[in-house]
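Descriptive structure summary
Below, each chain spelled out in residue letters.
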Amino acid sequence: MTATPDAVRPIRRALLSVYDKTGLPELATALHDAGVQIVSTGSTARVVADAGVPVTPVEELTGFPECLEGRVKTLHPRVHAGILADLRKPDHVDQLAELGIEPFELVVVNLYPFAATVASCAAPDEVVEQIDIGGPSMVRAAAKNHPSVAVVVDPARYEDVAAAVLRGGFTLAERRALAADAFAHTAAYDAAVASWFASAYAPDETAAQSGFPAVVAATWDRAAVLRYGENPHQAAALYAAPDVPGALPGLAQATQLHGKEMSYNNYVDSDAAWRAAHDFAGPAVAVIKHANPCGIAVGDDVAQAHAKAHACDPVSAYGSVVAANRPVTAAMAEQLAPVFTEVVLAPDFEPEALEILTRKKNIRVLRVPGPANSAPVELRPISGGLLIQQADRIDAPGDDPSAWTLAAGEPADEATLADLTFAWRAVRATKSNAVLLAADGASVGVGMGQVNRVDACRLAVERANRMGEERARGAVAASDAFFPFPDGPQILLDAGVRAIVQPGGSVRDEETIAAAQAAGVTMYLTGTRHFAH
Ligand SMILES: NC(=O)c1ncn([C@@H]2O[C@H](COP(=O)(O)O)[C@@H](O)[C@H]2O)c1NC=O
């Protein structure tokens, strides 16, 4: 923090009231050694005293006992006037003197563990009891009065406090920064309380019926400023969900093991790749460009899955983002190393794999914690507001092949059904309108992001049959939504696909089914759609 010596305010008296006692004995000792008087609440005071540091119990200051099971400890004018007096104003200083109240120059508070109590599935009464009242009041008061008071809400800051008291106090700039942290802290705390009330505890009728609360409150912490956004003229930053108990980590919490700094587009593609690879139970690899798979495959291991995914479209794989749903092995790294790859992400990397990948200057290597698709809802800003939807999962009844309806042709044999199941999961990772051809657990042709389904079919076939290959013949096809006309499926049938899976539900289903029937091709209807816009 930058020092502006003229605004340094010496610390003579500190109020400590912390739930998390981490680092408290050391802090109290450092304050005492610097001549700071300490006033403290219940068990905070006991820890301070146990460290051999003199401490004034807050009851002695207020002349009022802590009561109502701790609901009232510091909620007293003798505490709050001591925090809120603006010592730049002679009038405030005079009033304190008249009232016999001494000011605090430092307030150290951390709050009852509300989020952890919610995450522990505690009973509502217990959760409500963990809403801190006195703590946020002191934090907000001290933050408001930062010209006179320094406020600290994070034990990670205690070393800064010890250093500041030794050099004579915090500067005004430092106190402003601490106040900003403090208001962010209480805002995040109140957002968690408001969200719990609105969604879990006291939902209004609409929330009770729909699951969407009247208010959505959340705060996000800046994790990185990115070089630029989707294009160089756009500024961009990465914000992460606060690290609170119950929060699932994901891409925003990834550890970068190697390579240049992640870009905005790298994050977008990595998120798509991570989700796509994790739609499969067995080893799977997704090769992503512009948030679409240019190859996706399952295999006996990630090396095999990667080889198959890469083979789908080696031209487009240049400059792609590659995600594996298992630790990357040396064998996969050997295959990946010769291909120009922007990012490779996985739950982990074998040491030898890391050694191979880090020989390459340009590749970014990311270890991603936690399960994929951890976010239960997706948020998308629109002008003037925000759309929120449940995240699409691949666990709807229609995603289970045993629930599919055979609409045309013979029931699929085991291998064909396995490929249809794979294709159905893989097409879900593809932007609509999407048609994906697959064979042997790998995509062989992807028609993505088209504005009509007939073009998606054409593109999938063209890509499968590029450079003299005839990979569409004998492949299976999946469509993320129904075929509105039989023209699209006719392209697939003419190309020689052996089976098709699609949601069904078009008014012209009968025409599409008749086309498959006429070609002797198996067609299953899932009853579930997986649009991805
Ligand atoms: N009610 C009050 O007056 C009050 N004043 C401070 N607290 C909280 O009590 C905790 C510290 O209490 P103790 O020192 O007894 O462990 C802190 O988390 C602090 O935020 C209070 N508790 C809850 O509101």
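Residues numbered from 1 in each chain as written. Predicted model: local features only at pLDDT ≥ 70, side-chain atom pairs only at ≥ 80, totals over all residues. Heavy atoms only, no water.

Right, let's talk about unusual backbone geometry for a bit. Only a minority of non-glycine residues have a phi that is not negative, and only a minority of peptide bonds are not trans. For the bond running from Ser 432 to Asn 433, omega is -10°, close enough to zero to count as cis. Among the structural elements, Asn 433 can be located in the loop between α16 (414–427) and β17 (435–439). Despite not being glycine, Met 467 has its phi angle at roughly 50°, a positive value. One can find Met 467 in the loop between α17 (453–464) and β19 (476–479). (Helix = DSSP H or I, 4+ residues; strand = E, 2+ residues; numbered from the N terminus.)

The environment of the ligand is made up of 23 residues, and the closest members are Ser 43, Thr 44, Arg 71, Thr 74 and Asp 132. Between the ligand and the protein, one listed contact pairs an oxygen atom with a side-chain N or O atom of Ser 43 at 2.5 Å. Arg 71 has a polar backbone atom sitting 2.6 Å from a nitrogen atom of the ligand. Alone, the ligand offers 520 Å² of accessible surface; in the complex the protein occludes 96% of this. Mapped by element, the contributors of at least two residues to the shell around the ligand are β1 (13–18), α2 (42–50), β4 (106–110) and α8 (134–144). Taken together, the residues of the shell around the ligand break down into nine nonpolar, 10 polar and four charged. (Near = heavy atom within 4 Å. Polar contact = N/O pair within 3.5 Å; in protein donor to acceptor, adjacent residues only side chain to side chain. Areas by Shrake-Rupley, 256 points an atom, 1.4 Å probe, with all protein chains shown as cover. Nonpolar A, V, L, I, M, F, W, Y, C, P; charged D, E, K, R; others polar.)

Evaluated as defined, the whole model comprises 19 salt bridges. For Arg 12, the salt bridge is made with Glu 105, and the minimal N-O distance between the two is 3.9 Å. Of this pair, Arg 12 sits in the segment before β1 while Glu 105 sits in the loop between α5 (90–99) and β4, and the two are 93 residues apart along the sequence. What makes Arg 12 exposed here is its relative accessible area of 53%. Arg 364 is the partner of Glu 342 in a salt bridge, and the nearest nitrogen-oxygen pair spans 2.8 Å. One end of the pair, Glu 342, is in strand β12 (residues 341–346); the other, Arg 364, is in strand β13 (residues 364–367), and 22 residues separate them in sequence. (Salt bridge = Lys/Arg side-chain N within 4 Å of Asp/Glu carboxyl O. Buried < 20%, exposed > 50% of the residue type's maximum accessible area, 1.4 Å probe, protein only.)

What follows is about a nonpolar patch on the surface. Together, Phe 212, Trp 220, Tyr 239, Val 377, Leu 379 and Leu 386 make up a nonpolar patch on the protein surface, roughly 570 Å² of accessible area in all. Turning to its location among the elements, Trp 220 is positioned in the loop between α11 (205–210) and β6 (221–226). Looking at Trp 220, the relative accessible area reads 49%, which means it is partly exposed. (Patch = residues over 30% accessible without salt bridge, like charges linked within 9 Å, V, L, I, M, F, W, Y side chains within 5 Å.)

Right, let's talk about the pairing of β12 for a bit. For β12, a buried count of five out of six residues is recorded, marking the element as mostly surrounded by other parts of the structure. Bridge analysis of strand β11 (residues 320–324) against β12 gives four bridges, and the strand direction is parallel. Across the sheet, residue Val 321 finds its bridge partner in β12, namely Val 343. Here four bridges tie β12 to β13, and the two strands are oriented parallel to one another. Its bridge partner lying in β13, Val 343 is registered against Arg 364. The parallel pair β12 and β13 is bridged by helix α15 (residues 351–357), and the resulting crossover is right-handed. (Pairing = 2+ DSSP bridges. Right-handed = clockwise from strand over helix to strand, strands pointing away.)

Ranked by internal contacts, the top residues of the largest apolar core, which has 43 residues, are Ile 296, Leu 345, Leu 366, Leu 420, Leu 436 and Val 501. For this core, the leading source of residues is α16, giving six residues. Excluding residues within four positions of it along the chain, Val 501 makes contact with Trp 404, Leu 420, Trp 424, Ala 477, Ala 478, Ser 479, Tyr 524 and Thr 526. (Core = buried A, V, L, I, M, F, W, Y, C linked by side-chain atoms within 4.5 Å. Contact = heavy atoms within 4.5 Å.)

Take the packing of aromatic side chains next. Evaluation of the coordinates by the stated rule reveals nine aromatic pairs. Ring geometry for Tyr 19 against Tyr 112: centres 6.3 Å apart, planes inclined by 70°, an arrangement best described as edge-to-face. Of this pair, Tyr 19 sits in the loop between β1 and α1 (24–33) while Tyr 112 sits in the loop between β4 and α6 (114–119), placing them 93 residues apart in sequence. We classify Tyr 19 as partly exposed; its relative accessible area is 45%. Of the aromatic side chains, those joined through ring pairs into one cluster are Phe 114, Tyr 189, Trp 196, Phe 197 and Tyr 201. Its end group placed over the ring of Phe 104, Arg 13 keeps NZ or CZ at 4.3 Å from the ring centre. (Phe/Tyr/Trp six-rings, centres within 6.5 Å; stacked < 30°, edge-to-face > 60°. Lys NZ or Arg CZ within 6 Å of the ring centre and 35° of its normal.)

What follows concerns α1. Those residues of α1 that sit buried are Leu 24, Leu 27, Ala 28 and Leu 31. One side of α1 holds all its buried residues, which, seen down the axis, span an arc of 95°. With respect to the buried face of α1, the exposed residues turned more than 90 degrees away are Glu 26 and Asp 33. Next to the buried residues of α1 lie β1, β2 (37–40), α2, β4 and α9 (158–166). (Arc of directions from axis to C-beta.)

Glancing now at the packing of α1 against α2. At their nearest, the axes of α1 and α2 sit 9 Å apart, and the two run at 70° to each other. As the angle between them shows, α1 and α2 are arranged roughly perpendicular. Handedness of the α1/α2 crossing: right-handed. Only Thr 44, Val 47 and Val 48 of α2 make contact with α1, whose side of the interface consists of Leu 24, Pro 25 and Ala 28. Residues belonging to the contact of α1 with α2 are distributed by class as follows: five nonpolar, one polar and no charged. (Axes fitted to C-alpha atoms, helices over the stretch in contact; angles between N-to-C directions. Parallel < 35°, antiparallel > 145°, perpendicular 65-115°, else oblique. Left-handed = near helix turned anticlockwise from the far one by under 90°.)

Bringing the side chain of Thr 526 into the picture now. With respect to the secondary-structure elements, Thr 526 resides in the segment after β21 (522–525). Judged by relative accessible area, Thr 526 falls into the buried class, the value being 6%. There is a polar contact of 2.8 Å between the side chain of Thr 526 and the backbone oxygen of Thr 528. Apart from residues lying up to four places away in sequence, Thr 526 is in contact with Gly 398, Trp 404, Trp 424, Val 501, Gln 502 and Pro 503.

Functional significance is not addressed by these values, which are geometric in nature.
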